[in-house]
Structures are given as structure tokens and as C-alpha cells.
Amino acid sequence: MTTPTDTTAPAPGEPGATAVATQPSRIEGRSLGKIAWTRFKRDKAAMTGGVVVILLVLLAVLAKPIEAVFGLDPNAPHPDLLDANLGGIPMGSFGGMSLDHPLGIDPLQGRDLLARMIEGSWVSLLVAFGATVLSNTLGTVLGIMAGYYGGWVDTVISRVMDTFLAFPLLLFAISISASLQGGAFGLHGLPLHIAVLIFVIGFFNWPYMGRIVRGQTLSLREREFVFAARSLGARGPLILFKELLPNLVGPILVYSTLLIPTNILFEAALSFLGVGIAAPQASWGGTMNDALTYYQVDTSYLVIPGLAIFFTVLAFNLLGDGLRDALDPRSN
């Protein structure tokens, strides 16, 4: 006859009680990515900036479908909503804001301002992201080569960086953009304007990324894992892109989030000066340029695109600061 097994825990003070009480809990390891994500989540400002950036990117990517679903046409005029006696100023308060036109309409032509802001979002972000990719690619490749090889390679690349940094970038961008307005490289119209802006902004901004990558590479090339790779027979290109480049992802990512808003401002400035995105294509900078004539009688026409640029740049800057603190806590 079997007796039931006693499954009750030993009472305090009994021999088995100490072993049960002192049994260590399981320790779960965390990757560097999880640690950085934990730090990033604690930064409420960075999280807010990240959410706004995601929403802006979704708005830019889905701009055309949104316009189609809601029947928004950025170039459709509404002359019946303009006051001809006042020179084409929108009727009503705050630039003609209404349920049909939540942000109002523009003077003289009466185009829906909300539709033009949505349409201009993908242009600004496309130029900013494209220029950032171009400058980061050139800066990373040349910076990592200068930092790793040193010697005459570093001297040549560093002098090229100094030469590019000496260019009056804004004047140079204005002259190039203005000279290519008619057509070039088989492109015309909007594709040409976007391609020229991406090239001008990205090509002349790469030295900033190049200097950051070069400085990081100078310290990384003396680390033990680089010596270990050399001792195993690894060649220069393998060490550059397999050993050094993965350790540069953090600084490159952080600088990219800070460079994108700068490029947005640059595109807006060129469009504001009339050598960026040409009418009738909507752009935030071009809208601000058009609003200069009417800001005294229709302030909202100038304020709305200005706020769009302001909040976009602010969101990217908050995101970049949060990523920097999360990836490099010593920067605090």
C-alpha cells in the first residue's frame, strides 16, 4: 500500500527551508539593442518626436492615396470662395477655414491649403531623405578609408573635405539649381528639380559625415578586434566593412536623424528663393514664398507652412537627441 507523497513546503526553521528561500532567480541577458531601446523609451520627448516622425513619413508615403480617398486636389481652384473686391483674398476668417477646407485656401487661386500641405510633405521628405542617403554614403566610405589607412590617403581625403567645406553652399546651390531649370540629363520638370536638389544638398554635405566617421575610425582601428582580424589574415576592405562599419552604425544613425531636418530646411530655403521646386507643384518652402505677398492680410497663409516645417524639424531633432543618449549614455 502506497502512502501519499507529502508536497507541503518545509516550515521556516526546518533544514530544507533555507535551500528553497535562497534559490537564485533566473537572470536573463539583454542585447545592446534592447538596452538602448529601454533607455530610449524613458525619454518622453524622444518618444514623442519618434511618433511624430513616423506619422509624417506615413503621411508623405500615403499622400497620393489620401488625396484620392478624400477627394483632395492641391491644384484645384475655388474662385467662388475668394473676394474679388479685395484682390482675391479668401472670404471668411483665418484664410477661409471651414469644414470643407480645414486649413483654409490660398489667395488669388483658392487652392485648398490642407491638400497642398499634404502634397508638399512627400516632396520635402523625399529630397531630405535622398540627400541624407547620398551624403552619408559618400561621407561614410571616404571617412572610414581616411581613418583606417591614414598617411597620404587621409591627407588627400581630408584636404578634399576642407575644399568642399570652403564652398559657399547656398550660393553654389542657387547657381546650379537656376542653371538646370530648363532640362538636363534627360529629365524635365519635377523629376529634374528633385534630382538636382538631392544632388546639390547631398553631394556638398558629405564632409560633415566624413569627419565624424573619420574620427570614430581613428579610435576603433586600435581596438583588439581589429588586431585580431589582421592576425587572421583579413584584408583592408574586409576590416573596413565587416569589422569597423558595424561599430559605426550608432553615430551614423544619430547624425542622420539630425541631418534630415537640416536638409528639409535647405530644400525649403531653395524653394523659398524660387530655385527649388517650381510651381504648380506644392512645396512648403514655395508656399511660404507665395505667402509673402499676402501675410499682412492673410497671416494664416504664411503661418501654416511655417508651422509644418517647424514641427517636422523639431520632431527629427528630438528623435536624434534621444537616439544619441540611448546609444551613447556617456554623452549625457
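Our structure's up above, just so we're on the same page.
Here goes a summary of the coordinates provided. Keep in mind that what you see is a predicted model, and the values were worked out from it rather than measured. (Residues numbered from 1 in each chain as written. Predicted model: local features only at pLDDT ≥ 70, side-chain atom pairs only at ≥ 80, totals over all residues. Heavy atoms only, no water.)

A short note on the overall build of the protein chain
Inference 1: The helix and strand inventory of the protein chain stands at 14 helices and 2 strands.
Inference 2: By the burial criterion, 40% of the 332 residues in the protein chain qualify as buried.
Inference 3: Total accessible area computed for the protein chain in this model is approximately 18400 Å², and 66% of it derives from carbon and sulfur atoms. (Helix = DSSP H or I, 4+ residues; strand = E, 2+ residues; numbered from the N terminus. Buried < 20%, exposed > 50% of the residue type's maximum accessible area, 1.4 Å probe, protein only. Areas by Shrake-Rupley, 256 points an atom, 1.4 Å probe, with all protein chains shown as cover.)

Focus: the side chain of Glu 67
Inference 1: Among the secondary structure elements, Glu 67 is positioned in helix H4 (residues 63-70).
Inference 2: Excluding its chain neighbours within four sequence positions, the residues that come into contact with Glu 67 are Leu 72, Pro 74, Ala 115, Ile 118 and Glu 119. (Contact = heavy atoms within 4.5 Å.)

Examining the packing of aromatic side chains
Inference 1: Following the criterion strictly, the structure yields 11 aromatic pairs and no others.
Inference 2: Counting every residue linked through ring pairs, the aromatic cluster contains Phe 164, Phe 167, Phe 199, Phe 203, Phe 204 and Trp 206. (Phe/Tyr/Trp six-rings, centres within 6.5 Å; stacked < 30°, edge-to-face > 60°.)

Some details on the layout of surface pockets
Inference 1: Within this model, the largest pocket holds a volume of roughly 820 Å³.
Inference 2: Along the wall of the largest pocket there are 23 residues; nearest its centre are Asn 247, Gly 250, Pro 251, Leu 327 and Asp 328.
Inference 3: A per-element tally of the lining of the largest pocket places helix H12 (residues 249-272) first, with 6 residues.
Inference 4: In the lining of the largest pocket, the residues fall into 14 nonpolar, 4 polar and 5 charged.
Inference 5: A volume near 210 Å³ is recorded for the second largest pocket.
Inference 6: In terms of lining residues, the second largest pocket is bounded by 18 residues, among which Ile 277, Ala 278, Ala 279, Gly 286 and Asp 290 are the most central.
Inference 7: Sort the elements by how many residues they give to the lining of the second largest pocket and helix H13 (residues 284-291) lands first, with 4 residues. (1 Å grid on protein atoms, 1.4 Å probe; cavity = no way out; pocket = protein on both sides within 12 Å on 5 of 7 lines; lining within 4 Å. Points joined across faces, edges and corners; volume = space filled by probe spheres on them. Nonpolar A, V, L, I, M, F, W, Y, C, P; charged D, E, K, R; others polar.)

Let's talk about the environment of Lys 44
Inference 1: Mapped onto the elements, Lys 44 comes out in helix H3 (residues 44-61).
Inference 2: Among the residues examined, Lys 44 registers a relative accessible area of 61% and is labelled exposed.
Inference 3: Sequence separation between Lys 44 and Gly 322 is 278 residues; the distance between their C-alpha atoms is 8.9 Å.

Regarding the packing of helix H10 (residues 224-231) against helix H11 (residues 236-244)
Inference 1: For the pair H10 and H11, the least separation of the axes is 11 Å and the interaxial angle reads 140°. Considered as vectors, H10 and H11 are oriented oblique to each other. As H10 runs across H11, the sense of the crossing is right-handed. Counted together, Phe 225, Val 226, Ala 229 and Arg 230 of H10 and Ile 239, Glu 243 and Leu 244 of H11 form the full contact between these two elements.
Inference 2: Considering only residue class, the contact of H10 with H11 consists of 5 nonpolar, no polar and 2 charged. (Axes fitted to C-alpha atoms, helices over the stretch in contact; angles between N-to-C directions. Parallel < 35°, antiparallel > 145°, perpendicular 65-115°, else oblique. Left-handed = near helix turned anticlockwise from the far one by under 90°.)

With respect to helix H9 (residues 206-220)
Inference 1: In this model, H9 (15 residues) spans 21 Å end to end at C-alpha, consistent with the 21 Å of a helix rising 1.5 Å per residue.
Inference 2: Close packing links the buried residues of H9 with helix H5 (113-149), helix H6 (151-165), helix H8 (189-203), H10, H11 and H12. (Expected span 1.5 Å × (residues − 1).)

Things to note about the environment of Pro 305
Inference 1: Along the polypeptide, Pro 305 turns up in helix H14 (residues 299-327).
Inference 2: It is 9.0 Å that separates the C-alpha atoms of Pro 305 and Leu 113, two residues lying 192 residues apart in sequence.
Inference 3: Look past the residues within four positions of Pro 305 in its chain and what remains in contact with it is Met 117, Trp 284, Thr 287, Met 288 and Ser 300.

Considerations on unusual backbone geometry
Inference 1: Even without glycine at this site, Phe 94 takes up a positive phi of about 55°.
Inference 2: Mapped onto the fold, Phe 94 is located in the loop between strand S2 (89-90) and H5.
Inference 3: Judged by its relative accessible area of 63%, Phe 94 is exposed.
Inference 4: At Leu 108, a residue that is not glycine, the phi angle is positive and equals roughly 75°.
Inference 5: Structurally, the position occupied by Leu 108 is in the loop between S2 and H5.
Inference 6: On the basis of relative accessible area, Leu 108 is assigned to the exposed category, the value being 56%.

Digging into H6
Because each turn of an α-helix spans 3.6 residues, side chains separated by three or four positions in sequence point in the same direction.
Inference 1: In this model, H6 (15 residues) spans 21 Å end to end at C-alpha, consistent with the 21 Å of a helix rising 1.5 Å per residue.
Inference 2: Among all positions of H6, only Val 153, Asp 154, Ile 157, Ser 158, Met 161 and Phe 164 are buried. Buried residues in H6, looked at end-on, bunch into an arc of 120°, giving them a common side. For H6, the exposed residues set more than 90 degrees away from the buried face come down to Gly 151 and Trp 152.
Inference 3: Where H6 is buried, its residues touch H5, H8 and H9. (Arc of directions from axis to C-beta.)

A few points about the pattern of salt bridges
Opposite charge on two side chains permits them to pair, given that their charged atoms come into close proximity.
Inference 1: Scanning the entire structure with this criterion turns up 8 salt bridges.
Inference 2: Between Arg 111 and Asp 106 there is a salt bridge, and its shortest N-O distance comes to 2.9 Å. Grouping residues by exposure puts Arg 111 and Asp 106 together as buried.
Inference 3: Across the salt bridge formed by Asp 162 and Arg 159, the nearest N and O atoms sit 2.9 Å from each other. (Salt bridge = Lys/Arg side-chain N within 4 Å of Asp/Glu carboxyl O.)

Comments concerning a nonpolar patch on the surface
Inference 1: Together, Val 51, Ile 54, Leu 55, Leu 58, Val 61 and Leu 62 make up a nonpolar patch on the protein surface, roughly 570 Å² of accessible area in all.
Inference 2: By the secondary structure assignment, Leu 55 is in helix H3. (Patch = residues over 30% accessible without salt bridge, like charges linked within 9 Å, V, L, I, M, F, W, Y side chains within 5 Å.)

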